[in-house]
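Coordinates in review
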Amino acid sequence: MQITREAKGETLIVRVAGELDVQSAGTFRDQVDELFLASDFGRLLLNLSRVTFLDSTGLGAVLGRLRRVRAAGRQIVLVPPAGVARTVLDLAALGRAVPIYRSERAALGEGAQAHG
Amino acid sequence: MAERHAPGAGAENRLVLEVPSLAVNAELCRVAAAIFAAALPFTLGEIEQLKVAVSEAVGNCVLHAYPGGPGRVALRAWFEGSAVQIEVEDWGRGIADVAAARQPAFTTSTDPDHVGLGFAFMEQFTEALEVVSTPGRGTLVRMRKRPEQARPSTAAGTDGEAAPTGPRRQP
C-alpha cells in the first residue's frame, strides 16, 4: 500500500493505492492521522480509487478516519475504489455516512460550491 | 504435456498451507487460495470475493486466535464437483459463542477501528460458511464457493479453445 498527498486550498487530498488489509490498515491509519489530523486542513479528500483490495480491517480503518475527522470538527469526502473493494464499502453502507464522489475533480468542485 | 485447467480437470488437486498467524500471511493465503480456485471458471470478481473471504478468516486468526503471540494457521483447499472448498483452521483460544460472533458488528476487540464484519463478509462472498470452534482448542472455518457461470451443459473446452489458466473475464 502506498499513500501520497496533495494540497488543494483548504482540502488535503490523500491518495491510497494497493491493498488495504489486516497488514496495512495500521500504517494507513497512522499515516492519514499524521498527514491530516496533525495538519490545519479543513477537509480531507480520501481517494481510494486505486485501492485494489479491501477487507473488514481495512474498512474499519477507513470508518475510523471518518469518525476521527468528524470528531475534530472537520470534513471528509471519499472517492471510492472499484470492483469488490467498492462492494465492501457498500455493504457497510458507507454512502450514508460520508459524501462519495466519482472523481477528485467532482469532489473538489462540489467542495467549492459548498463554500460559495 | 499441456496443462489444462478446465472444470473437472485437476479435480484431485489439493492445497495445504501452514503459516504463522502473522498479518503478512493474510495476503499469502488469499493469493494462494485464489490461484488454486482459478482452475474453476470463476470471474475476476468472484475470485476477488473469495480473496476477501479467505482474508477475513485468516485475519481472524491473526487478530484474535493467539493473544499470547503468533501461532499456527492452516489453509486447505480442494474441489468438490463444480465448487471449491476452503478451510482455515487455528489452534488458538477459540470462540465462546459462534452464533454471536457471526452477527454483524460483533467484536471482542477494544480497537475502536474494529468493525466486526469479518464473518459477515465471509458469508456474503461465499455460498456456504460453517464455523466450528472449541474454546481453548481452536477454530475451523469452512467455506464453499462455486462459479456463478458454471453450467454443466456449457462446460468449457468444447470449441477447441484452451481453457484459460486464470479466471475468465466476463464481457
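Residues numbered from 1 in each chain as written. Chains lettered and ligands numbered in written order. Predicted model: local features only at pLDDT ≥ 70, side-chain atom pairs only at ≥ 80, totals over all residues.

**Section: the overall build of chain A**
When its secondary structure is counted, chain A shows five helices and four strands. In sequence order, chain A lays out its α and β elements as β-β-α-β-α-β-α-α-α. Compactness check: chain A gives a C-alpha radius of gyration of 13 Å against a globular reference of 13 Å for 116 residues, within 12% of the reference. Considering only C-alpha atoms, chain A reaches an extent of 40 × 25 × 25 Å along its principal axes. Looking at chain A as a whole, 41% of its 116 residues qualify as buried. A separation of at least 24 residues holds for 72% of the contacts in chain A among residues at least 6 apart in sequence. (Helix = DSSP H or I, 4+ residues; strand = E, 2+ residues; numbered from the N terminus. Rg over C-alpha atoms; globule rule 2.2 N^0.38 Å. Buried ≥ 20, exposed ≤ 12 C-beta atoms within 10 Å, placed from the backbone. Contact = placed C-beta atoms within 7 Å.)

**Things to note about helix α2 (residues 44-65) of chain B**
For α2(B), which comprises 22 residues, the first-to-last C-alpha distance of 30 Å matches the rise-based estimate of 32 Å (1.5 Å per residue) to within 8%. Burial of α2(B) is extensive: 20 of the 22 residues sit out of reach of the surface. (Expected span 1.5 Å × (residues − 1).)

**Quick notes on unusual backbone geometry**
Comment: phi is negative for the bulk of residues other than glycine, and the bulk of peptide bonds are trans. The backbone of Ala93(A) shows a phi angle near 55°, a positive value even though the residue is not glycine. Along the chain, Ala93(A) falls in the loop between α3 (83-91) and α4 (94-97). Look at Ala93(A) and you get exposed, because 8 C-beta atoms sit within 10 Å. You will see that Ala105(B), though not glycine, has its phi angle at about 75°, which is positive. Inspection of the secondary structure assignment puts Ala105(B) in the loop between α3 (98-101) and α4 (118-125). For Ala105(B), a count of 10 C-beta atoms within 10 Å translates into the label exposed.

**Points about the packing of α3(A) against α2(B)**
When two helices pack together, you describe them by how their axes are tilted relative to each other and by the distance separating the axes. Running from N to C, α3(A) and α2(B) cross one another at 55°; their axes reach a closest spacing of 9 Å. As the angle between them shows, α3(A) and α2(B) are arranged oblique. The interaxial crossing formed by α3(A) with α2(B) has right-handed handedness. For the pair α3(A) and α2(B), the contacting residues are Gly83(A), Val84(A) and Val88(A) in the first and Gly45(B), Glu48(B), Gln49(B) and Val52(B) in the second. The residue makeup of the contact of α3(A) with α2(B), split by class, is three nonpolar, three polar and one charged. (Axes fitted to C-alpha atoms, helices over the stretch in contact; angles between N-to-C directions. Parallel < 35°, antiparallel > 145°, perpendicular 65-115°, else oblique. Left-handed = near helix turned anticlockwise from the far one by under 90°. Nonpolar A, V, L, I, M, F, W, Y, C, P; charged D, E, K, R; others polar.)

**Remarks on the interface of chain A and chain B**
Every contact between the two is made by 19 residues of chain A and, on the other side, 22 residues of chain B. Mapped by element, the contributors of at least two residues to the side of chain A that touches chain B are α2 (56-71) and α3 of chain A. With seven residues, α2(A) is the largest single contributor of residues to the side of chain A that touches chain B.

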